[in-house]
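So the chains spell out like this:
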Amino acid sequence: MLPIDTLTAFFGIAVLLALAPGPDNLFVLVQSAISGRAAGMAVVLGLCTGVLGHTMAVAVGLAGMFAASPAAFTALKLAGAAYLVYLAWQAWRAPVAAGAMGRSDRLPIPALYRRGVFMSLTNPKVLLFFFAFLPQFTRPDAGPVAWQLVTLGVVFMVAALLVFSAIAMFSGTFGQLLQRSPAAQRALNRLAAMVFVGLALRLATSSR
């Protein structure tokens, strides 16, 4: 079992990392603004599930394969970039109407959750970051390393959940005000599309 001081220090660093501008919190910000707080929280839970997926991959050694295989890294990042381009297209062509927050054509919560999971798992940069970051906090006298990695991953997930939830609540409230105006909603959808394209380009051109 990792000592409390190690877990506390790791949690503080994880909060700072979650607060730093990046693809995940920007994704939460945009989705919450265009679809509301509940939708944003579904995306947050999906992203946090993805964090657990990355943690398990590090624990069983899969991250090492991606670190050693340029082809695997490229395939995963291109899949993620293609998905972001698809989301950009959806946002760009989304219909607008007054009172859009209650429209029936909004994606259901399970679909938004899956969107968050896929967004996280198709970002190989996160996997390689965990591969390099988590082992630095393990200790030889604290039990099996795999379980230590899982513990650290759960702590990181809790930190991300707290930060991303706050972002979703704030952005969802702000977005709800904008959704009352069709013109503002159209501008918000266009902005979301451009953000998704930017994230796709960033991911597609990233290196290990």
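The rules behind each value
Per-chain numbering applies: the sequence of each chain, read as written, is numbered from 1 onward. Only residues with pLDDT of at least 70 are given local features in this predicted model, and only at 80 or more are side-chain atom pairs given and counted; all residues enter the totals for whole chains, interfaces and linings. Only hydrogens and water are set aside; all other atoms, that is, all heavy atoms of the structure, feed into the side-chain values. Only DSSP runs of H or I covering at least 4 residues are called helices, and only runs of E covering at least 2 are called strands; the numbering of each starts at the N terminus. By definition, residues are in contact when any of their heavy atoms lie within 4.5 Å. Per-residue accessibility, obtained with a 1.4 Å probe over protein chains only, is compared with the maximum for each type, and a residue is labelled buried under 20%, exposed over 50%, and partly exposed between these values. Salt bridges, as used here, are contacts in which a Lys or Arg side-chain nitrogen is within 4 Å of a carboxyl oxygen on Asp or Glu. UniProt positions are given in the numbering used here, feature names are shortened, and annotations may be inferred rather than shown by experiment. Here, the term nonpolar core denotes a set of buried Ala, Val, Leu, Ile, Met, Phe, Trp, Tyr and Cys residues that are joined through side-chain atoms within 4.5 Å. We call Phe, Tyr and Trp rings a pair once their centres come within 6.5 Å, taking the six-membered ring for Trp, and we label the pair stacked below 30 degrees between planes, edge-to-face above 60, and tilted otherwise. Counted as over-ring charges are cases with an Arg CZ or a Lys NZ within 6 Å of the ring centre that also lie within 35 degrees of the ring normal.

Concerning the environment of Lys125
- In this fold, Lys125 is placed in helix α7 (residues 124-133).
- The sequence separation of Lys125 and Ala67 amounts to 58 residues, and the corresponding C-alpha distance is 9.8 Å.
- Contacts of Lys125, omitting those with residues within four sequence positions, involve Phe73, Ser206 and Ser207.

What to know about the environment of Met119
- Relative to the assigned elements, Met119 resides in helix α6 (residues 109-121).
- According to the relative accessible area criterion, Met119 is buried, its value standing at 5%.
- Distance from Met119 to Leu162, taken between C-alpha atoms, is 19 Å for residues 43 residues apart in sequence.
- The residues contacting Met119, other than those within four sequence positions of it, are Pro23, Asp24, Phe27, Leu47 and Leu84.

Thoughts on the pattern of salt bridges
- Under the counting rule described, the total for this entry stands at one salt bridge.
- Between Arg139 and Asp141 there is a salt bridge; the shortest N-O distance is 3.3 Å.
- By relative accessible area, which is 60% here, Asp141 ends up exposed.

Description of the UniProt feature "transmembrane region" (unreviewed entry) in the protein
- In the numbering adopted here, UniProt assigns the feature "transmembrane region" (unreviewed entry) to residues 6-30, 42-66, 72-92, 112-134, 146-175 and 187-205.
- Between the end C-alpha atoms of residues 6-30 the distance is 34 Å, and the span holds 88% helix and 0% strand.
- Secondary structure over residues 72-92 splits into 100% helix and 0% strand, and the C-alpha atoms at its two ends are 31 Å apart.

Thoughts on the nonpolar core
- One finds Phe10, Phe27, Val28, Leu84, Phe164 and Phe196 to be the most contacted residues of the largest nonpolar core, which totals 54 residues.
- Breaking this core down by element, the ones donating at least two residues are α1 (4-19), α2 (23-35), α3 (37-60), α5 (70-92), α6, α7, α8 (145-178) and α9 (182-204).
- Broken down by element, this core gets its largest block of residues, eleven residues, from α8.
- Residues contacting Phe164, with those up to four places away along its chain left out, are Ala18, Asp24, Asn25, Val28, Val44 and Leu47.

Notes on the packing of aromatic side chains
- Enumeration over the complete set of coordinates arrives at ten aromatic pairs.
- The interplanar angle of 15° and the centroid separation of 4.9 Å between the aromatic rings of Phe129 and Phe133 together place this pair among those described as stacked. Here Phe129 and its partner Phe133 are both found in helix α7, four residues apart, which amounts to about one turn of the helix.
- Its guanidinium or amino end placed over the ring of Trp92, Arg190 lies 4.5 Å from that ring's centre, counting from NZ or CZ.

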